[in-house]
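Here's the letter readout for the chains.
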Amino acid sequence: CDWSSDVCSSDLIAMTAPQPAPVLVLGETGVGKELVARELHERSGRAGPFVPVNCATIPHELADSELFGHVAGAFTGASAPRGGLFAEADGGTLFLDEVGELPEAVQPKLLRALALGEVRAVGRAQASQVDVRVIAATHRELAGQVDAGSFRADLYARLAGWVLRIPPLREPRDEI
């Protein structure tokens, strides 16, 4: 089924929540994308934590380390190892808010994590497996970013396993 044109509803959330595929939540700023992501996680049956991150607030030079972790000494200031947000969300859900803000250099690594459940910490030779469901959100038009070459088409396709659109708050909705 192609749900990409469906507007987010409690029925659609109930149907989408238990599925393992990534979810892309689209909507204007302030419409409640994180609330939808939390509800998806709560209804998913996943035992692990819900880990939200605003990708727009991650400094580009630290995005790789924040998402995938690092070993001690991997770069200046990395005095201790860190597991990263994927490791923190293992068994649960990682919510990537404003995913369109991720640096292009991190996008192939995110694609690998989505496709294979495999992450590699900065400075580590071996990858490790994680069981993380990714829910991403953005107010940007990712399809336009794909056309412009600033967002990978294969990553967009992988993130859009399910697409939920939240209408603007100015539009009347029955489920408010």
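Please read all numbers here as calculations on a predicted model, not as lab measurements.

Enquirer: Can you lay out the overall build of the chain for me, pointing to particular residues and giving the numbers?
Expert: Each helix and strand counted, the chain has seven helices and seven strands in total. Helices and strands appear in the chain in the N-to-C order α-β-α-β-α-α-β-α-β-β-β-α-α-β. Here the C-alpha radius of gyration of the chain, 16 Å, is about what a compact globule of 176 residues would show, namely 16 Å. Along the three orthogonal principal directions, the C-alpha set of the chain runs to about 55 × 40 × 25 Å. Going through the 176 residues of the chain one by one, you find that 44% of them count as buried. Pairs at least 24 apart in sequence give 75% of the contacts found in the chain among residues at least 6 apart. Summing over all exposed atoms, the chain offers an accessible surface of approximately 8,800 Å²; the carbon and sulfur share of this is 50%. With 16 positive and 24 negative side-chain charges, the chain shows a spacing of 5 Å between the two charge centroids.

Enquirer: Lay out the nonpolar core in plain terms, naming residues and giving numbers.
Expert: Core analysis: the biggest nonpolar cluster contains 31 residues, and Phe86, Leu94, Leu96, Val99 and Leu110 have the highest contact counts within it. Contributing elements (two or more residues each) for this core: strand 1 (23-26), strand 2 (50-54), helix 3 (63-68), helix 4 (84-88), strand 3 (93-97), helix 5 (107-116), strand 6 (133-138) and helix 7 (153-159). Per-element tally for this core: the top contributor is helix 5, with four residues.

Enquirer: Break down the sheet that holds strand 7 (residues 162-165) for me, citing the residues and quoting the values.
Expert: One open sheet holds the five strands; their spatial order is 2-3-6-1-7, and the pairing between them is parallel. Edge positions in the sheet fall to strand 2 and strand 7, since each has one partner strand and no second. Here the average twist between neighbouring strands, direction ignored, is 20°. Across five bridges, strand 2 lies against strand 3 in parallel orientation. Note that in strand 3 the partner of Pro52 across the bridge is Phe95.

Enquirer: Please provide a residue-by-residue account of the packing of aromatic side chains, values included.
Expert: For the coordinates displayed, the defined rule picks out two aromatic pairs. When the centroid spacing of 6.0 Å and the interplanar angle of 20° are considered together, the rings of Phe50 and Phe95 count as stacked. Placement of Phe50 in strand 2 and of Phe95 in strand 3 is noted, with a sequence separation of 45 residues between them. Taken individually, Phe50 and Phe95 each receive the classification buried, so the pair is uniform in this respect. Ring geometry for Phe68 and Phe86: centres 5.4 Å apart, planes at 15°, overall stacked.

Enquirer: An account of the pattern of salt bridges is needed here, citing residue identities and associated values.
Expert: Two side chains with opposite charge may pair up if their charged atoms get near one another. Overall, the coordinates contain eight salt bridges when judged by the stated rule. One salt bridge in this structure joins Arg38 and Glu34, with 3.0 Å as the shortest N-O distance. Within this pair, Arg38 and its partner Glu34 are both found in helix 2 (residues 33-44), separated by four residues, close to a single helical turn. A relative accessible area of 29% places Glu34 in the partly exposed class.

Enquirer: I'd love a proper account of the layout of surface pockets, names of residues and values included.
Expert: A volume near 180 Å³ is recorded for the second largest pocket. What lines the second largest pocket is a set of 13 residues, and nearest its centre among them are Pro20, Ala113, Leu114, Val132 and Arg133. Looking at the lining of the second largest pocket, the elements that each hand over two or more residues are helix 5 and strand 6. Class assignment for the residues of the lining of the second largest pocket results in nine nonpolar, one polar and three charged.

Reading guide: rules and limits
- Residues numbered from 1 in each chain as written.
- Predicted model: local features only at pLDDT ≥ 70, side-chain atom pairs only at ≥ 80, totals over all residues.
- Heavy atoms only, no water.
- Helix = DSSP H or I, 4+ residues; strand = E, 2+ residues; numbered from the N terminus.
- Rg over C-alpha atoms; globule rule 2.2 N^0.38 Å.
- Buried < 20%, exposed > 50% of the residue type's maximum accessible area, 1.4 Å probe, protein only.
- Contact = heavy atoms within 4.5 Å.
- Areas by Shrake-Rupley, 256 points an atom, 1.4 Å probe, with all protein chains shown as cover.
- Lys, Arg positive; Asp, Glu negative; His and termini not counted.
- Charge placed at Lys NZ, Arg CZ, Asp CG, Glu CD.
- Core = buried A, V, L, I, M, F, W, Y, C linked by side-chain atoms within 4.5 Å.
- Pairing = 2+ DSSP bridges.
- Axes fitted to C-alpha atoms, helices over the stretch in contact; angles between N-to-C directions.
- Phe/Tyr/Trp six-rings, centres within 6.5 Å; stacked < 30°, edge-to-face > 60°.
- Salt bridge = Lys/Arg side-chain N within 4 Å of Asp/Glu carboxyl O.
- 1 Å grid on protein atoms, 1.4 Å probe; cavity = no way out; pocket = protein on both sides within 12 Å on 5 of 7 lines; lining within 4 Å.
- Points joined across faces, edges and corners; volume = space filled by probe spheres on them.
- Nonpolar A, V, L, I, M, F, W, Y, C, P; charged D, E, K, R; others polar.

By themselves these figures say nothing about function.
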